[in-house]
Amino acid sequence: MNHSVLSRYLSVSPEVAEALEAQKPVVALESTIISHGMPYPQNVETAMRVEQVVRDNGAVPATIAVMNGKLCAGLSPEQIEFLGKTGQSALKVSRRDLPFAVSSRDTVGATTVAATMIVAELAGVKIFATGGIGGVHRGAPTSFDISADLQELASTSVAVVCAGAKSILDLELTQEYLETHGVAVIGYQTDCWPAFYTRRSDYEVDYRLESTGEIADVLFHKWQLGLNGGVVVCVPVPETYEQDEVLINNAISEALTEMNTQGITGKKTTPFLLEKIATITGGSSLETNIQLVLNNATVASQIAVNYSELR
Ligand code: PSU
Ligand code: MN
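Treat the numbers as computed from the prediction; the structure is a model and nothing was measured.

Basis of the calculations
Residues numbered from 1 in each chain as written. Chains lettered and ligands numbered in written order. Predicted model: local features only at pLDDT ≥ 70, side-chain atom pairs only at ≥ 80, totals over all residues. Heavy atoms only, no water. Helix = DSSP H or I, 4+ residues; strand = E, 2+ residues; numbered from the N terminus. Buried < 20%, exposed > 50% of the residue type's maximum accessible area, 1.4 Å probe, protein only. Contact = heavy atoms within 4.5 Å. Areas by Shrake-Rupley, 256 points an atom, 1.4 Å probe, with all protein chains shown as cover. Lys, Arg positive; Asp, Glu negative; His and termini not counted. Charge placed at Lys NZ, Arg CZ, Asp CG, Glu CD. Salt bridge = Lys/Arg side-chain N within 4 Å of Asp/Glu carboxyl O. Near = heavy atom within 4 Å. Polar contact = N/O pair within 3.5 Å; in protein donor to acceptor, adjacent residues only side chain to side chain. 1 Å grid on protein atoms, 1.4 Å probe; cavity = no way out; pocket = protein on both sides within 12 Å on 5 of 7 lines; lining within 4 Å. Sits in = over half its atoms within 2 Å of the grid points. Nonpolar A, V, L, I, M, F, W, Y, C, P; charged D, E, K, R; others polar. Expected span 1.5 Å × (residues − 1). Arc of directions from axis to C-beta. Phe/Tyr/Trp six-rings, centres within 6.5 Å; stacked < 30°, edge-to-face > 60°.

> When you look at the overall build of the protein in this model, what are you seeing that I'm missing?
Counting secondary structure elements, the protein contains 14 helices and 11 strands. Projecting the C-alpha coordinates of the protein onto the three principal axes gives extents of approximately 50 × 45 × 35 Å. The 311 residues of the protein split such that 55% are buried. Once local pairs closer than 6 in sequence are excluded, the contacts in the protein between residues at least 24 apart make up 74%. Summed over all atoms, the accessible surface of the protein reaches about 13500 Å², with 51% contributed by carbon and sulfur. Across the protein, the centroid of the 21 positively charged side chains sits 8 Å from that of the 35 negatively charged ones.

Next comes the structure, spelled out in structure tokens:
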């Protein structure tokens, strides 16, 4: 995209712009997790803590959203508070929704992993931390419910650091989809895909790497070679905050049943399930969710620092 078109759409905060200019490490953060992934006020508190964690680890946070018709990379605390309060009234913006969020200037757009990757790439941010990515849902062979996040990973050159995928997703199909599109799944100090609320699942990652330096090195070579597209980096939730596997899977099953009874489909699926699971677990899944996001932000920042040293 030429520079004047880019500057018409993209609004980079002074802190993020300065960091990018100086080639300092920057970590992208999404905003659907704020509006649709957690309740107020925990969403705002978490978003602010995540930004602090990124700074503490030597990188600059760029929380991404669409506001006043602009693709924003780097939000002010007031904008984060506003987004958190708007909650599920914000438009959940994936690739499909981006032009609508830009057209209607009063739309508050919270970006999913897919849309955050797009804006991150436009801004020149390569590393992105979140909680969980979308994937192939259970029942997808008939529902066709496959998150646009996966297709984005196929083409947009941003590394997404997450805590794996919860069992509302079909991990095996998610992995097949990623493999077809040339997207590697890296396990950070783990052999298996973490299952978001828990550290383990029955599915192996493609590559286990022990250090953030090794991960940065792989990313560097991938993109140097012109192999466009993303990478998924899976980081297990810290042991202290892990959920009991049986209890959480029961909660997930109960939430899924409730979802089917109410006929919830499409983009409402994940927010509905997250909220239900939090209610069923008496808020304990929310605490796990918060902790895993903080942990992912730490690892992502370290990768970003290592990556900036390679360039
Ligand atoms: N998983 C979570 N929390 C979230 C999401 C996923 O544990 O908030 C959000 C992310 O923004 C992700 C989106 O990109 O849901 C995927 O939605 P869909 O499946 O509708 O593409
Ligand atoms: Mn979906």
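Let's pick the thread back up.
> How do you make sense of the pattern of salt bridges when you look at a structure like this?
Side-chain pairs of opposite charge can arise whenever the charged atoms involved come near each other. Taken as a whole and assessed by the stated rule, the structure comprises nine salt bridges. The shortest N-O distance in the salt bridge between Arg55 and Glu51 comes to 3.8 Å. One end of the pair, Arg55, and the other, Glu51, are both in helix H4 (residues 42–56), four residues apart, so they sit about a helical turn from each other. For Arg55, a relative accessible area of 33% corresponds to the partly exposed category. Judged by its relative accessible area of 5%, Glu51 falls in the buried class. The shortest N-O distance in the salt bridge between Glu152 and Arg95 comes to 2.8 Å. One end of the pair, Glu152, is in helix H9 (residues 148–155); the other, Arg95, is in the loop between strand E5 (91–93) and helix H6 (98–103), and 57 residues separate them in sequence. Shared partners join several salt bridges into a network, and the residues in it are Glu15, Glu51 and Arg55.

> Explanation requested: the site of ligand 1 in the structure shown.
In the vicinity of ligand 1 there are 16 residues, among which Glu30, Val113, Ser147, Asp149 and Lys166 approach most closely. Contact distances for ligand 1 include 2.7 Å between an oxygen atom and a side-chain N or O atom of Lys166. About the coverage of ligand 1: the protein hides 93% of its 470 Å² of free accessible area. When atoms are counted within 2 Å of each cavity's grid points, the one that captures over half of ligand 1 is the largest pocket. Where the shell around ligand 1 is concerned, the elements lending two or more residues are helix H3 (32–35) and helix H13 (269–280). Of the residues that constitute the shell around ligand 1, the class distribution is four nonpolar, seven polar and five charged.

> When you look at the side chain of Thr32 in this model, what are you seeing that I'm missing?
Within the element layout of this structure, Thr32 appears in helix H3. A polar atom in the side chain of Thr32 sits 3.0 Å from the backbone oxygen of Thr111. With near-sequence residues (within four places) excluded, Thr32 lies in contact with Gly37, Lys92, Ala110, Thr111 and Thr112.

> Honestly, helix H11 (residues 212–224) in this entry has me stumped. Any pointers?
An α-helical turn contains 3.6 residues, so a residue and the one three or four places further along point in the same direction. Across its 13 residues, H11 extends 18 Å between first and last C-alpha, which sits within 8% of the 18 Å expected from 1.5 Å per residue. The complete set of buried residues in H11 reads Thr212, Ile215, Ala216, Leu219, Phe220, Lys222 and Trp223. Viewed along the axis of H11, the buried residues span an arc of 165 degrees, placing them on a single side of the element. Looking at the buried positions of H11, the neighbouring elements they touch are strand E7 (127–129), strand E8 (159–162), strand E9 (185–188), strand E10 (207–209), strand E11 (231–234) and helix H14 (284–310). One or two residues past the end of H11 sits Gly226, with phi positive at roughly 80 degrees.

> Just checking my understanding: could you explain unusual backbone geometry for this structure?
One can expect most non-glycine residues to show negative phi and most peptide bonds to be in trans. In this chain, Tyr40 is followed by Pro41 through a cis amide linkage whose omega measures 5 degrees. For Pro41, the location among the structural elements is in the loop between H3 and H4. At Phe144, a residue that is not glycine, the phi angle is positive and equals roughly 65 degrees. Looking at where Phe144 falls in the secondary structure, it is placed in the loop between helix H8 (140–143) and H9. By relative accessible area, which is 68% here, Phe144 ends up exposed.

> Is there a simple way to think about the packing of aromatic side chains in this case?
The relative placement of two aromatic rings is captured by the distance of their centres and the angle of their planes. Summed over all chains, the structure comprises three aromatic pairs. Look at Phe196 and Tyr197: their rings are 4.9 Å apart centre to centre, the planes differ by 85 degrees, and that puts the pair in the edge-to-face class. Neither Phe196 nor Tyr197 differs from the other in exposure class; each is buried. Seen in terms of ring centroids, Phe220 and Tyr307 are 6.5 Å apart; in terms of plane orientation they differ by 65 degrees. Their pairing is edge-to-face.

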